[in-house]
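The chain contents come next:
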Amino acid sequence: MVDSIFSGDRPAEGEERFETLLAASLEPGSRVRLERIVSCDVRDGAWYDQAWDEWVMVVRGEAVLEWGDGTTVTLGAGDYLRIKAHRRHRVVRTSAECVWLALHLGGGE
């Protein structure tokens, strides 16, 4: 079955939808999880301090992340970055339809 990263219902304004596309254990204690996130005009999201690294890419739209030290980074379509374990961060804002891919490395059940 073929699917599209852009398929599915759009979440309500100010909300995000998370969908696990793939999850696997590579060896005992070592998990990876690929997630699709659809954000709709999110503002001032919750803070995260994860025990695992995460790689994120904006596939469509735009997003601004804030780090624990107050600095921000803007991601547009095609931009990606790796967030190291325990690097405090949050989504400050997203465009009306922002589609992400997130690869969780070692956690994030």
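Note that the coordinates shown come from a computational prediction; the quantities given were computed from them, not determined experimentally.

Cut-offs used in this document
Residues numbered from 1 in each chain as written. Predicted model: local features only at pLDDT ≥ 70, side-chain atom pairs only at ≥ 80, totals over all residues. Heavy atoms only, no water. Helix = DSSP H or I, 4+ residues; strand = E, 2+ residues; numbered from the N terminus. Buried < 20%, exposed > 50% of the residue type's maximum accessible area, 1.4 Å probe, protein only. Contact = heavy atoms within 4.5 Å. pLDDT = per-residue confidence, 0-100. Pairing = 2+ DSSP bridges. Salt bridge = Lys/Arg side-chain N within 4 Å of Asp/Glu carboxyl O. Disulfide = S-S within 2.5 Å.

Concerning the environment of Ala77
With respect to the helices and strands, the residue Ala77 is situated in the loop between β5 (72–76) and β6 (80–83). The class of Ala77 is exposed, set by a relative accessible area of 54%. Considering only alpha carbons, one finds Ala77 and Arg60, 17 residues apart in sequence, at a separation of 4.8 Å. In this view, Ala77 contacts Val58, Val59, Arg60 and Gly61; residues no more than four positions away in its chain are not counted.

Description of the confidence of the model for the protein chain
Looking at the protein chain as a whole, its pLDDT mean stands at 91, while 96% of the residues score no less than 70. The element-level mean pLDDT for the protein chain is lowest in strand β1 (residues 16–27), coming to 88, with β5 highest at 98.

Here's the deal with the pairing of β6
Residue alternation in β6 divides its side chains into a buried set, Leu81 and Ile83, and an unburied set, Tyr80 and Arg82. In this sheet, β6 lies alongside strand β3 (residues 53–60) in antiparallel orientation, the contact comprising four bridges. The residue bridging Glu54 from the neighbouring strand is Ile83, located in β6.

Side note on the pattern of salt bridges
Inspection of the entire model under this criterion finds eight salt bridges. Measuring nitrogen to oxygen at the nearest pair gives 2.8 Å for the salt bridge that ties Glu35 to Arg33. On the basis of relative accessibility, which here comes to 9%, the residue Arg33 falls in the buried class. Where Asp53 meets Arg82, a salt bridge forms, and the shortest distance between an N and an O atom there is 2.7 Å. Highlighted residues: Asp53 in strand β3 and Arg82 in strand β6, separated in sequence by 29 residues. The network of salt bridges with common partners includes Asp44, Glu66 and Arg90.

Observations concerning the state of the cysteines
Here the structure, examined in full by the defined rule, presents zero disulfides. Here Cys40 is not cross-linked by a disulfide; its sulfur's nearest cysteine counterpart is in Cys98, at 10 Å. Overall, the relative accessible area of 2% leaves Cys40 in the buried class. Exposure remark for Cys98: the relative accessible area of 0% places this residue in the buried category.

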